[in-house]
Amino acid sequence: MAENNNNIAGGDYLEFEHNVAEIDRQMNELRRLSSAKGIDYSTEIRKLQKDQVTELKKVYSTLSAWQTVQVARHPKRPLLNDYLNLIVKDFRPLHGDRCFGDDKAIITGLGQIGREKVLVVGQNKGRTTNEKIACNFGCPNPEGYRKAIAKMKFAEKYGIPIVTFIDTPGAYPGIGAEERGQARAIAVNMMEMSRMKVPIICIVIGEGGSGGALGIGVGDKLAMLEYAYYSVISPEGCAAILWRDGSKAPLAAEALKLTSKDLTRLKLIDAVINEPLGGAHRNLHDTVYNVERYIVKNLAALKRTKIDKLLENRYEKLRSIGTSTSTAEEIAKKTLISRERLKEAIEKIPLAKPVPAKV
Amino acid sequence: MSKKTKKTWNGFSLKPRLDLPEGLWVRCSGCEHMLYRKNVEENSNVCPECNCHFRISADVRIKQLVDEGSFEEVSSELTTEDRLEFKFRDTTYKKRLKADEKKSGAKEAIRIGKAFIKGRGIVLSAMEPNFLMGSMGSVVGEKFCRSVELAMAEKLPLVVICCSGGARMHEGVISLGQMAKTSAVLAKYDEQGGLFISVLTDPTTGGVTASFAMLGDVTIAEPGALIGFAGPRTIAETIKVELPEGFQRAEFLVEHGFIDMIVSRKDLRSEIARLIDYCKK
């Protein structure tokens, strides 16, 4: 098992993992030698494995923002399909937006996660080249968003909770997308999701690219995988605009504060789901099951909440995004008022009889 | 210029020659005509030759749109914090905010308040294109939400003049969240039965189009305004195809069914007033 975990086919190492790759190469060499010449190198291999673990821990504990983006885009990172195969039982896909077509970049369908019936909505990137082209590299068109909201309304009708998996570089910027109202599709989704009368859990599993992510990303809980990213614009786009040079993306990534760590600090996401050592692509099963655990746990809690309370909480949560100065002021004002009231109240309390001073 | 003349002084006159006041003439970006600025201003900042609608600041917009002196601004005190400590090139977000505050005379990219249009009370939000391209950060989102809440509390129609480059990058996911926030507030407003008139002006793109701008009960656009989700340059770069003439312009959006009507600037007042009258319960 350990072998499978830490051994990835060549060419899939990220540029900052060259030490890890080197250790893998050495291990493979030793294995080849031991099988060819019949010499037992197991101690050496075990030692190398230990080294590799230390190296991975070192590298992944100090990932820069840009490196995180690369991990989030890793070609072997678990995609929506892996989640559907491994944690969604009896998945029945539902197709079509009833207006224009069926966008393959967004998959919707009924299934079971844990013991709960849920509606799964997720962005699909595709693994092979053909799949990638079919689902437009995970960039949804307006019909994708319209499909998502249509199915969500259907789920709402029968009280089925919604789980969304976000993994998109962004909504597709194309002529057709503009003609069919990309902006309106996303806006309507956000508006409807904010008042959807069923629990909604959103999880960023890879790339959380701006409006494209938000189109299915408004709900009661917003969680992120540890090395996923969530950003207002792609680092490349930001670099092209603010630095006037697309190759400055690493700097932009750093400035945008798009990692799960930063977003937790800024209180913009509810939870971070841990990834196995060395990122999700090194151990697909552990990642997927961590996500399942999170969903099952939170779904149970959300289902226990009364729907009015749930909607109220969701609204409060959305309404307070980014209010810092203003709310701080208001809170200060409120506390000031309450303090004054308290003072008044205290003054009104009849004083106790003076205690005779000690002689 | 005047300094230069002083240096190369030839002794003929004691007074340095007066330059023409700057910007007495403007060139129309549409038809390239040279226009006398005063004429343009009298024509509500629209080119008299080709009907090109120039970008105008929130101040001018409010003056043009509402009954004289009726605009009562609220929440103007809110200012932006740089919570990400955003640095780019050799400058910072904070510096950029200061510079734009000076340039535009506005504290943020939106102004909200109560006003009258032809005697009809409204809540008005007008975006300021000269402040970081009218982009939506936390304060713009917050002020927008407050204007909706004001409209809810006072049972007034809400008129929003959109003019924005989208979500503000310098505030990262905080700005992104404003899209969700403004949409959520509008959902509440919608349930209460409030009238929301969204006026899209040049340009309305990105995160603003993909949130409140496109959620109007009635959506109006100014002629020739650029309205879209992705900017035309981004699209051209992504699909490597030359974009068709008039792509993402107001007329294009009407054709594709996303806008109710195109109204030129000088008719905007009466058109809004009429709509309000129609929607009176």
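Residues numbered from 1 in each chain as written. Chains lettered and ligands numbered in written order. Predicted model: local features only at pLDDT ≥ 70, side-chain atom pairs only at ≥ 80, totals over all residues. Heavy atoms only, no water.

## Quick look at the domain arrangement of chain B
How big an interface is tends to be stated in terms of the accessible area lost upon association of its parts.
All names here are of chain B.
Alright, step 1. Taken domain by domain, chain B comprises domain 1 (21-54) and domain 2 (55-278).
Alright, step 2. Between domain 1 and domain 2, the residue contacts involve 6 residues of the former and 9 residues of the latter.
Alright, step 3. Counting each side, the surface lost to burial between domain 1 and domain 2 is near 620 Å², with a carbon and sulfur contribution of 49%.
Alright, step 4. Broken down residue by residue, the surface that domain 1 buries against domain 2 is led by Ser44, His53 and Phe54, which jointly contribute 75%.
Alright, step 5. At the junction of domain 1 with domain 2, the criterion picks out 0 salt bridges.
Alright, step 6. Applying the counting rule to domain 1 against domain 2 returns 5 residue pairs in polar contact (both at pLDDT 80 or more).
Alright, step 7. For the side of domain 1 that touches domain 2, a count of residues per class yields 2 nonpolar, 4 polar and no charged. (Domains from an automatic or database assignment. Contact = heavy atoms within 4.5 Å. Buried area = accessible area lost by both parts, 1.4 Å probe. Salt bridge = Lys/Arg side-chain N within 4 Å of Asp/Glu carboxyl O. Polar contact = N/O pair within 3.5 Å; in protein donor to acceptor, adjacent residues only side chain to side chain. Nonpolar A, V, L, I, M, F, W, Y, C, P; charged D, E, K, R; others polar.)

## Digging into the interface of chain A and chain B
Alright, step 1. Each partner contributes residues to the interface: chain A has 49 residues there, and chain B has 53 residues.
Alright, step 2. Interface area, chain A with chain B, both sides summed: about 4600 Å², of which 68% is carbon and sulfur.
Alright, step 3. Looking at the side of chain A facing chain B, the largest losses of area belong to A:Glu178, A:Leu242 and A:Arg319, adding up to 14% of the total buried there.
Alright, step 4. Linking chain A with chain B are 4 salt bridges.

## Thoughts on unusual backbone geometry
Alright, step 1. Residue B:Asp202 is joined to B:Pro203 through a cis peptide bond whose omega torsion reads -10°.
Alright, step 2. Residue position: B:Pro203 is located in strand 9 (residues 196-204).
Alright, step 3. Positive phi is not limited to glycine here, since A:Phe137 has a value of about 55°.
Alright, step 4. Although it is not a glycine, B:Glu85 sits at a positive phi angle of roughly 50°.
Alright, step 5. Structurally, B:Glu85 is set in the loop between strand 3 (72-74) and strand 4 (87-88).
Alright, step 6. B:Glu85 gets classed as exposed once you look at its relative accessible area, which sits at 58%. (Helix = DSSP H or I, 4+ residues; strand = E, 2+ residues; numbered from the N terminus. Buried < 20%, exposed > 50% of the residue type's maximum accessible area, 1.4 Å probe, protein only.)

## As for a nonpolar patch on the surface
Alright, step 1. Together, A:Leu342, A:Ile346 and A:Ile349 make up a nonpolar patch on the protein surface, roughly 300 Å² of accessible area in all.
Alright, step 2. Within the secondary structure layout, A:Ile346 lies in helix 16 (residues 325-348). (Patch = residues over 30% accessible without salt bridge, like charges linked within 9 Å, V, L, I, M, F, W, Y side chains within 5 Å. Areas by Shrake-Rupley, 256 points an atom, 1.4 Å probe, with all protein chains shown as cover.)

## Thoughts on the packing of aromatic side chains
Think of a pair of aromatic rings as described by two things: how far the centres are apart, and how the planes are tilted against each other in angle.
Alright, step 1. Counted by the stated rule, this structure contains 11 aromatic pairs over all chains.
Alright, step 2. Their ring planes at 35° and their centres at 5.3 Å tell us that A:Tyr83 and A:Phe165 sit as a pair that is tilted. Note that A:Tyr83 is positioned in helix 5 (residues 80-87) and A:Phe165 in strand 4 (residues 162-168), a separation of 82 residues in sequence. Of the two residues examined, A:Tyr83 and A:Phe165, each falls in the buried class.
Alright, step 3. Aromatic pair B:Phe144 and B:Phe196: ring centres 6.5 Å apart, planes at 65°, arrangement edge-to-face. Taken together, the residues span a long stretch of sequence, with B:Phe144 in helix 5 (residues 138-154) and B:Phe196 in strand 9 at a distance of 52 residues. The pair formed by B:Phe144 and B:Phe196 is uniform in burial state, with each residue classed as buried.
Alright, step 4. Pairwise contacts between aromatic rings join A:Phe16, A:Tyr60 and A:Tyr227 into one cluster.
Alright, step 5. Residue placement shows A:Arg180 over the ring face of A:Phe100; its charged tip is 4.1 Å from the ring centre.
Alright, step 6. Lying over the aromatic face of A:Tyr315, B:Lys188 brings its terminal NZ or CZ to 3.8 Å of the ring centre. (Phe/Tyr/Trp six-rings, centres within 6.5 Å; stacked < 30°, edge-to-face > 60°. Lys NZ or Arg CZ within 6 Å of the ring centre and 35° of its normal.)

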